[in-house]
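Single-letter residue listing:
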Amino acid sequence: GAVVSQHPSWVICKSGTSVKIECRSLDFQATTMFWYRQFPKQSLMLMATSNEGSKATYEQGVEKDKFLINHASLTLSTLTVTSAHPEDSSFYICSARATPEGGYTFGSGTRLTVV
Amino acid sequence: GENVEQHPSTLSVQEGDSAVIKCTYSDSASNYFPWYKQELGKRPQLIIDIRSNVGEKKDQRIAVTLNKTAKHFSLHITETQPEDSAVYFCAAATGGGNKLTFGTGTQLKVEL
């Protein structure tokens with residue numbers, strides 16, 4: 001089945017630094033990758049939609065200069081949290097569809113803690 | 001955009017009883033409705049899904065019903081077991097690879 005590999009699974013960083021999260025589709029080409037953020041005991045909230053070779057589309061209220069998304073190839077999308085602050089601490093997870101009408105495959109998630 | 005509402009937020013049942021979680025959606029163009037089970041710190045796990053051309057789907061103890069006219073869909077778990085305890089999310093999406101919108105989640109607790 002379709003597999004999305006996400007790294008790192010957890011990261012602790014100092015306030016003011018940047019963190020990069022990678023998602024790779026291992027056995028299919030992900031033209032589109034979705035990035036979600038999940039705070040404790042809350043739902044998954046879509047942050048942005050990443051399209052290979054073009055700029056990402058950000059959801060309302062998500063700072064595009066803070067959450068940099070790059071989708072340089074059909075198998076790799078990255079999310080960089082720039083100048084991270086404690087309020088950015090969250091569970092970040094990516095998702096993609098192997099086919100336009102198929103199910104969604106999720107990465108394993110990244111637990112970010114900013115201290 | 002799509003808005004998905006989910007109820008109840010918490011549900012406690014006795015082992016062996018049935019559990020029902022309900023969701024409503026706003027976008028009549030939505031045609032794919034998955035249900036996910038998520039354990040703490042893990043990725044959502046698809047447990048069942050339904051497409052808009054079907055009214056009901058069943059997989060062993062789990063079933064989903066869809067009412068397109070009313071724009072609501074429900075998850076039914078029968079003969080609940082302690083290992084069913086988790087957070088469940090409904091979601092909705094349109095076709096063409098579009099984004100998935102999640103409901104607010106239901107914490108299900110199955111008590112012995």
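Note: the structure precedes this text.
Counting from 1, residues in each chain are numbered in the order their sequence is written. As they are written, the chains are lettered A onward and the ligands numbered 1 onward, keeping that order. Selection of residues for local features in this predicted model requires a pLDDT of at least 70, selection of side-chain atom pairs for listing and counting requires 80 or more, and totals for whole chains, interfaces and linings are taken over all residues. The side-chain figures draw on all heavy atoms in the structure; neither hydrogens nor water molecules are used.

Attention now goes to the pairing of strand β4 (residues 32–38) of chain B. Residues and elements named next belong to chain B. The classification of residues rests on relative accessible area computed with a 1.4 Å probe and restricted to protein chains. Under 20% of the type maximum is buried, over 50% is exposed, and intermediate values are partly exposed. Helix and strand assignments follow DSSP, with helices taken as H or I runs no shorter than four residues and strands as E runs no shorter than two, numbered in order from the N terminus. Along β4, 7 of the 7 residues are buried, which leaves the element largely enclosed by surrounding structure. Going residue by residue along β4, you find Tyr32, Pro34, Tyr36 and Gln38 tucked away on one face and Phe33, Trp35 and Lys37 tucked away on the opposite face as well. A pair of strands is labelled paired if DSSP reports no fewer than 2 bridges between them. Sheet topology places β4 next to strand β5 (residues 45–51); 6 bridges connect them, and they run antiparallel. For tyrosine 36, the partnering residue across the bridge sits in β5 and is leucine 46. Linking β4 back to β5 in an antiparallel pair, the connection comprises 6 residues, with glycine 41 at a positive phi of about 75°. Here β4 runs beside strand β9 (residues 86–93); their pairing, made up of 5 bridges, is antiparallel. Residue pairing for β9: tyrosine 36 is matched across the bridge by phenylalanine 89.

All names here are of chain A. Salt bridge, as used here: a side-chain nitrogen of Lys or Arg that lies within 4 Å of a carboxyl oxygen of Asp or Glu. As enumerated under the stated definition, the model contains 6 salt bridges over all chains in all. Residues arginine 24 and glutamate 22 are paired through a salt bridge, measuring 3.7 Å at the closest nitrogen-oxygen approach. Overall, arginine 24 belongs to the partly exposed group, its relative accessible area being 38%.

The subject of this paragraph is the interface of chain B and chain A. The partner chain A presents 21 residues to the 20 residues of chain B that form the contact. Applying the counting criterion to the chain B and chain A interface returns 1 salt bridge. As a salt-bridge pair, A:Glu59 and B:Lys99 come within 3.1 Å of each other at their nearest N and O atoms. Looking at the side of chain B that touches chain A element by element, the count peaks at 3 residues for β4(B). Charged residues are taken to be Asp, Glu, Lys and Arg, nonpolar residues to be Ala, Val, Leu, Ile, Met, Phe, Trp, Tyr, Cys and Pro, and polar residues to be all remaining types, Gly included. Counted by class, the side of chain B that touches chain A contains 7 nonpolar, 9 polar and 4 charged residues. Contacts between residues were defined by any pair of non-hydrogen atoms, one from each residue, lying within 4.5 Å.

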